[in-house]
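# Overview (structure and organization)
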Amino acid sequence: MFKDLLRYPIIQAPMAGGASTPKLAAAVSNAGGLGFLAAGYKTAAEMKEEINQTRRLTEYPFGVNVFVPGNEVIDESAVAAYRAKIENAAKSVGATIGNGVVDDDDWVNKLTVLKEVKVDLVSFTFGCPESSVLRELQSTGALIAVTVTNLEEAKKAAGAGADVLCVQGIEAGGHRASFENRSEDDHGLLELIRMIKNELELPIIAAGGLMHGKDIAAVLAAGAMAAQLGTAFLRCPESGASPVHKAALNDSRFVQTTVTRAFSGRRARGLVNEFITENGHAAPAAYPHVHHMTKQMRKAAGEKGNPELMALWAGQGHKLSREKPASELVELLMEELKGERFAGMEIRELSMNESAPMHLLLLADPSRDMVEDYLAKGICFIAERAKQFLGVYVLLQKGTDTMEIKNIAVDENHHGKGIGRHLMEHAIGQAREQGYKKLEIGTGNSSIGQLALYQKCGFRIVGVDRDFFTKHYSEVFYENGIQCRDMIRLSRSI
Ligand SMILES: Cc1cc2nc3c(=O)[nH]c(=O)nc-3n(C[C@H](O)[C@H](O)[C@H](O)COP(=O)(O)O)c2cc1C
């Protein structure tokens, strides 16, 4: 499950063109986030080497992002006209305009390597591969994320069998991940998360303009499971972005970002500089042709310290970026996130008219009516301190791994003396006997010690059943390193 890859709901975005390095990905993963390598523009062999390097630097999971090749028909005359228009700019830094060639970014070989080296998470950008490609990678144990920019793409990715959707809002730095180069169906991130969440059940990674823990809290509240930050990590010392690019992000010369095809022939968000101002309006939709044409010029400009002819990819929040080692940035983001009382948790009333979306709840002091009602609705729960009907404790788990333990006999003497622990030990024993490796539980008024114990036993804590617990525990959870992402407040007035 995607959730299992996350210790913190913070992902460092894959950033092709040099910014994503094994050092950056490993530093983020080691700090509790999820690092990403960007395979775009690299050969399969280079990608493999980076995966190996990253594995030497971290034992934790990280992702690898791959560009999906397109087969767009381009307007050759528009490309030729653009070449003529930008030739002088290239000359000004001693470069020439390259050939507008098409390539598939070593697609087939990259897939072969990814199957061979078995990574935890593969994300795709610029399209959604065939279902068979996703299935083959999934059969190696990889989870698949597909980057989407609108609802239609999200539905296609879900239909193809993606495990996770990386939802990219219009605020995002770098290339628009749209499946079609010509698509201009862009959306603000929060709106897009809500729209997709309303229709699809896949976990969501939110990307675009997220710079602070408060921003992460906002996308988690909107329904995302994790936040993916690109620009925020660009100024880290571990980032391979050029010094000119890093400096420009915080330079008063650059006040605006825009979405442009000027550098690559595909829409991308970057700082507005002279090259974009002069050529953006004339750039054709021709990717990767224009990318290859401007490559030498961009490189030469970088070497000469000239930001005006470089692609300074940046999200709308670039002015809020902070120059810090990646591990410190992850910690700081997490501190800021913690400051948001309910951040990272989905809190809502569960009405008795809906079937339970959560895996399990632990009820404190339920009435018999309540228990019977929940049972009738097929809601999963474990009842604690149900004095009235000792011996009718029920533990059910929904989902594909359905499990049911009924009528756990509890010795009355246990009551009030760690009965929850007794129950859980019993449940764990039963689960093991039945071959379950993992249970998901929710919990009510258990002690922190119990929560820690459950988590140690491989349980995921998903719910808390009382209002005041949500407030109190959201902070205590974090302090004790207990991951509780989906808080569910049960309605008592049934
Ligand atoms: C320099 C740069 C390079 C990027 N390269 C990639 C890439 O190779 N693959 C990808 O899926 N997204 C890429 N992105 C987009 C990010 O994945 C992410 O959507 C974006 O950074 C989020 O917006 P933010 O920059 O405002 O945080 C890139 C972004 C930047 C800034």
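Structural data are supplied above this passage.
A brief report on the enclosed structure follows. (Residues numbered from 1 in each chain as written. Predicted model: local features only at pLDDT ≥ 70, side-chain atom pairs only at ≥ 80, totals over all residues.)

### As for the site of the ligand
The full set close to the ligand counts 31 residues, and Ala16, Gly173, Gly174, Gly230 and Gly315 are the nearest of them. The set of elements that each furnish at least two residues to the shell around the ligand consists of strand S7 (174-175), strand S9 (226-229) and helix H9 (231-234). Across the shell around the ligand, the residue classes tally to 14 nonpolar, 16 polar and one charged. (Near = placed C-beta within 6 Å. Helix = DSSP H or I, 4+ residues; strand = E, 2+ residues; numbered from the N terminus. Nonpolar A, V, L, I, M, F, W, Y, C, P; charged D, E, K, R; others polar.)

### Observations regarding helix H3 (residues 76-92)
Across its 17 residues, H3 extends 25 Å between first and last C-alpha, which sits within 8% of the 24 Å expected from 1.5 Å per residue. A bend of about 40° at Ile86 is the largest found in H3. Considered for burial, the residues of H3 that qualify are Tyr82, Ile86 and Ala90. Against helix H11 (274-279) and helix H12 (289-303) lie the buried residues of H3. Gly94 occupies a position one or two residues after H3 and carries a positive phi of about 75°. (Expected span 1.5 Å × (residues − 1). Bend = angle between axes of the 7 residues up to and from the residue. Buried ≥ 20, exposed ≤ 12 C-beta atoms within 10 Å, placed from the backbone. Contact = placed C-beta atoms within 7 Å.)

### A few points about the sheet that holds S9
Here we have eight strands laid out as an open sheet, ordered S1-S9-S8-S6-S5-S4-S3-S2, and parallel in their pairing. Edge positions in the sheet fall to strand S1 (10-12) and strand S2 (35-38), since each has one partner strand and no second. Strand-to-strand twist across the sheet, computed as the mean angle between neighbouring axes with direction ignored, equals 25°. Note: S2 against strand S3 (residues 62-67), four bridges, orientation parallel. Note on S3: the bridge partner recorded for Leu37 is Val64. Each of S1, S2 and S3 is contacted by helix H1 (residues 22-30), which is oriented at about 160° to S2, the strand it contacts most. (Pairing = 2+ DSSP bridges. Axes fitted to C-alpha atoms, helices over the stretch in contact; angles between N-to-C directions.)

### As for helix H2 (residues 44-57)
Along its 14 residues, H2 runs 20 Å from first to last C-alpha, staying within 8% of the 20 Å computed at 1.5 Å per residue. For H2, the complete set of buried residues consists of Ala44, Met47, Lys48, Ile51 and Thr54. When H2 is viewed along its axis, its buried side chains cluster within an angular range of 125° and face the same direction. Away from its buried face, by an angle of more than 90 degrees, H2 presents the exposed residues Ala45, Asn52 and Arg56. (Arc of directions from axis to C-beta.)

### Let's talk about the sheet that holds strand S10 (residues 257-260)
Strand order in the open sheet formed by three strands is S7-S11-S10, and the pairing between neighbours is antiparallel. The sheet is open, and its two edges are formed by S7 and S10, each paired on a single side. Pairing between S7 and strand S11 (residues 268-271): two bridges, direction antiparallel. By the bridge assignment for S11, His175 is matched with Ala268.

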